[in-house]
Amino acid sequence: MKKKLVFATNNKHKIKEISSILNEEIDLYSLEDINCSDEIPETADTIEGNALLKAQFIKEKYGYDCFADDTGLEIESLNNEPGVYSARYAGDDHNAENNMLKVLSKLSNIDNRRARFKTCIALIWNNKTYMFEGIVYGNITKEKHGKSGFGYDPIFKPEGYEQTFAEMGEEIKNKISHRAIAIQKLITFLRSIK
């Protein structure tokens, strides 16, 4: 019998992508599939902590093995801001445009624009907790470039590329991104256990 696993997200694109990789090995469910419409807490002060909080919430309330992810942009010269506050850096309305403008404003007179995107995935599997991390290093541009992607993609240029995440398009970004790296580690682990 296939094992059930909940991904603590309502993002159908993410669910489909991971399901297609795991194909027949695991039954993957979204929050909607288990009728979870709760506001899941993200009150930790680290990216790892938030991913773990989300996974624990589902395990404790619904009883399913689960994994959850959290992502942040860390900028070296801003003491790794916005970090865990990336989605609400410019306010609780989670406005990506305002978040980018705040970053660009804070960096306006700073030469060191090194940054990294970090995704952490917390997995609770057979009552054990595992953590998987993906990191992509790069630089913050001086202005926005590109229309695809979301969040800080128009101002983040990964190392070794001449385009921002928003310019390179989903297909390339999804192969090299922080989230792709963390998910690949998760998938490798899930395939290794029976």
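Counting restarts for each chain: residues are numbered from 1 in the order of the written sequence. Per-residue local features are limited, in this predicted model, to residues with pLDDT of at least 70; the limit for side-chain atom pairs, both in listing and counting, is 80 or more; totals at the level of whole chains, interfaces and linings are taken over all residues. With hydrogens and water stripped out, all remaining heavy atoms of the structure feed into the side-chain values.

J.: So what's going on with unusual backbone geometry? Residues and values would help.
T.: Residue P82 is bonded to the preceding E81 through a cis peptide linkage, with omega at -5 degrees. Positioned with a positive phi, H94 is a non-glycine residue whose angle comes to about 55 degrees. To qualify as a helix, a DSSP run of H or I must reach at least 4 residues; to qualify as a strand, a run of E must reach at least 2; elements of each kind are numbered from the N terminus. Within the secondary structure layout, H94 lies in the loop between β4 (81-82) and α3 (96-106). On the accessibility criterion, H94 (48% relative accessible area) is partly exposed. When a residue's accessible area, from a 1.4 Å probe over protein chains only, is under 20% of the maximum for its type it is buried; when over 50% it is exposed; and in between it is partly exposed.

J.: I'd like a rundown of the environment of A68, residues and numbers included.
T.: Turning to its location among the elements, A68 is positioned in strand β3 (residues 66-75). For the pair A68 and L123, spaced 55 residues apart in the sequence, the C-alpha separation amounts to 6.7 Å. Contacts were defined at the residue level, with two residues in contact if any of their heavy atoms lie within 4.5 Å. The contacts of A68, once residues within four sequence positions are left out, are A8, A51, K54, A55, C120, I121 and A122.

J.: Can you explain the layout of surface pockets? Please cite residues and give values.
T.: In this analysis the probe radius is 1.4 Å and the grid spacing 1 Å, with only protein atoms considered; a cavity is a set of points the probe fits into but cannot get out of, a pocket is an open set with protein on both sides within 12 Å along at least five of seven lines, and lining residues have an atom within 4 Å of a point. Grid points are joined across faces, edges and corners, and a volume is the space filled by probe spheres set on the points. Each pocket or cavity is described by its volume, and for the largest pocket that value is around 970 Å³. For the largest pocket, the lining is made up of 33 residues, of which E42, K54, D70, A87 and H94 are closest to its centre. Elements with a minimum of two residues in the lining of the largest pocket: β3, α3 and α5 (178-192). With five residues, β3 is the single largest residue contributor to the lining of the largest pocket. Volume-wise, the second largest pocket comes out at about 190 Å³. H13, E17, F150, N174 and R179 are, among the 13 residues lining the second largest pocket, the residues nearest its centre.

J.: So what about the UniProt feature "active site" (unreviewed entry) in the protein? Which residues, and what values?
T.: UniProt positions are given in the numbering used here, feature names are shortened, and annotations may be inferred rather than shown by experiment. Those residues carrying the UniProt feature "active site" (unreviewed entry) are D70 in this numbering. Mapped onto the elements of the fold, D70 is located in strand β3. Excluding anything up to four places from it in sequence, D70 contacts E42, I47, N50, A51, K54, V84, K118, T119 and C120. At 3.4 Å, the side chain of D70 and the side chain of N50 are in polar contact. Pairs of N or O atoms within 3.5 Å make up the polar contacts considered here, provided that, within protein, one atom can donate a hydrogen while the other can accept it, and that residues adjacent in sequence are counted only when both atoms are side-chain atoms.

J.: Describe α5, listing the residues and the values that go with them.
T.: How far a helix is expected to stretch is found by multiplying one less than its residue total by 1.5 Å. Compared with an ideal rise of 1.5 Å per residue, which puts 15 residues at 21 Å, α5 spans 22 Å between its outermost C-alpha atoms and is within 8% of the ideal. Within the span of α5, buried status applies to H178, R179, A180, A182, I183, L186, I187, F189 and L190.

J.: Help me get a handle on the packing of aromatic side chains, residues and values and all.
T.: In this analysis, rings of Phe, Tyr and Trp, with Trp reduced to its six-membered ring, are considered paired at centre separations within 6.5 Å, and the interplanar angle assigns stacked below 30 degrees, edge-to-face beyond 60, and tilted for intermediate values. Summed over the entire model, instances satisfying the criterion amount to six aromatic pairs. An angle of 45 degrees between the planes, with centres 4.4 Å apart, marks the rings of Y130 and F189 as tilted. You can see Y130 sitting in strand β6 (residues 128-140) and its partner F189 sitting in helix α5, a full 59 residues away along the chain. On the accessibility criterion, Y130 (25% relative accessible area) is partly exposed. Residue classification places F189 among the buried residues on the basis of a relative accessible area of 17%. Residues F156 and F165 carry aromatic rings whose centres are separated by 5.2 Å and whose planes lie at 45 degrees to one another, so their mutual orientation is tilted. For F156, a relative accessible area of 0% corresponds to the buried category. Ring-pair connections join several aromatic residues into one group, and the members of that group are F117, F156 and F165. To sit over a ring, a charge needs its Lys NZ or Arg CZ within 6 Å of the ring centre and within 35 degrees of the ring normal. Above the face of the Y89 ring, K102 is positioned so that its terminal group lies 4.3 Å from the ring centre. Across from the ring centre of F150, 4.5 Å away, lies the NZ or CZ of K173, which sits over that ring.

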